[in-house]
Amino acid sequence: INWARWDGISQSRIQQFIGLLTRDSIEMFLDIVGNNALEHQWKYRRAFWMSYLNAGVITDAWVLFGPEAYEDARRLLRESGNAMRYARLNRPASKDQSVLLLKLGDLTIAEFSHNGRVWIWPPKDAKAAPRLYRSSYIIPDVTGAEIEFVHAGSETFRWQTNVAQAIRKYSNVKPVTAYWKPK
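As a starting point, this report considers the structure included with it. (Residues numbered from 1 in each chain as written. Predicted model: local features only at pLDDT ≥ 70, side-chain atom pairs only at ≥ 80, totals over all residues. Heavy atoms only, no water.)

### A word on the environment of Gly19
Applicable threshold: The way it works is that DSSP assigns letters per residue, a run of H or I at least four long becomes a helix, a run of E at least two long becomes a strand, and they are numbered from the N terminus. A 1.4 Å probe rolled over the protein chains alone gives each residue an accessible area, and that area as a share of the maximum for its type sets the label: buried under 20%, exposed over 50%, partly exposed in between.
Along the chain, the position of Gly19 falls in helix H1 (residues 11–34). Taking relative accessible area as the criterion, Gly19 reaches 36% and is therefore assigned partly exposed. Residues Gly19 and Lys169, spaced 150 residues apart in sequence, show a C-alpha to C-alpha distance of 24 Å.

### Brief notes about the pattern of salt bridges
This is how the line gets drawn: Basic side-chain nitrogens of Lys or Arg form a salt bridge, by our definition, when they fall within 4 Å of a carboxyl oxygen of Asp or Glu.
The final tally for this structure, using the stated rule, is 10 salt bridges. A salt bridge links Asp72 to Arg75; its shortest N-O distance comes to 3.8 Å. Pair noted here: Asp72 and Arg75 are both in helix H3 (residues 67–80), with a separation of 3 residues, about one helical turn. Across the pair Arg134 and Asp141 runs a salt bridge whose closest N-O atoms are separated by 3.0 Å.

### Considering the side chain of Ser98
Just so we agree on the cut-off: Pairing of N or O atoms within 3.5 Å defines a polar contact, subject to two protein rules: one partner must be a possible hydrogen donor and the other a possible acceptor, and residues neighboring in sequence count only if both atoms are side-chain atoms. Working rule for contacts: check all heavy atoms of both residues, and any pair within 4.5 Å makes them a contact.
Within the secondary structure, Ser98 sits in the loop between strand E2 (87–90) and strand E3 (99–104). Among the polar contacts listed, one links the side chain of Ser98 to the backbone nitrogen of Gly66, at a separation of 3.0 Å. When sequence neighbours within four positions are dropped, the list of residues in contact with Ser98 reads Phe29, Val33, Leu64, Phe65, Gly66, Ala69, Leu89, Glu111, Phe112 and Ser113.

### Topic: the packing of aromatic side chains
The cut-off we apply is this: Any Phe, Tyr or Trp ring, taking Trp's six-membered ring, that has another such ring centre within 6.5 Å forms a pair; planes under 30 degrees apart are called stacked, those over 60 apart edge-to-face, and the others tilted.
Considering all chains together, one arrives at 12 aromatic pairs under this definition. Aromatic pair Tyr44 and Phe157: ring centres 6.1 Å apart, planes at 65 degrees, arrangement edge-to-face. Here Tyr44 is found in helix H2 (residues 39–54), whereas its partner Phe157 is found in the loop between strand E7 (147–150) and helix H4 (158–171), with 113 residues between them in sequence. With a centroid separation of 6.0 Å and 45 degrees between ring planes, the pair formed by Trp49 and Tyr52 is classed as tilted. Here Trp49 and its partner Tyr52 are both found in helix H2, 3 residues apart, which amounts to about one turn of the helix. No difference in accessibility class separates Trp49 from Tyr52, as the two residues are buried.

### Quick notes on the pairing of strand E5 (residues 117–121)
Cut-off, in case you're wondering: Think of it this way: DSSP has to see at least two bridges between two strands before they count as a pair.
Among the 5 residues in E5, 4 count as buried, and that is most of the element. With antiparallel pairing between neighbouring strands as the criterion, strand E4 (residues 107–112) and E5 make up a hairpin whose turn holds 4 residues, including His114 at a positive phi of roughly 45 degrees. Bridge count between E5 and E7: 4 bridges; the pairing is antiparallel. Bridging across to E7, Arg117 finds its partner in Val150.

What follows is the structure, encoded as structure tokens:
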């Protein structure tokens, strides 16, 4: 985004625009990665992150697609005429792995698909956190936070509870647990 071209636009309009891009990015990640993920695992991740999105606390998002999802995204967006932007994840652990970078205020989160983890950089580690909006990344760019969680215990909401507690500790955002159960 070339912010110089937004000179004269009110801050509330800019935040509204960023909010729409954030929603589109998260939904694109969940949909495209979800096409090649195990449904019994992915539905819990979708419900969890959508609960935060729908609560309006995710302030920014950027999608990093691994090789398979990158090609799926190019094809689907070309067919639909959508001009959404995203990054390439080079040399992931597996060709189907992708990453969703999220900002909740000063908190940065990397949500990995396909046997990945959740990595969280609290505000005190902001300088080490991944930067959004680059065109390509490699795994070391989006890992290495002191706080990390494995996606284990989805059905009992174990990983979700652990991640939500870390989010609350570092951002004071309270989880909406009623929406964690998949539909």
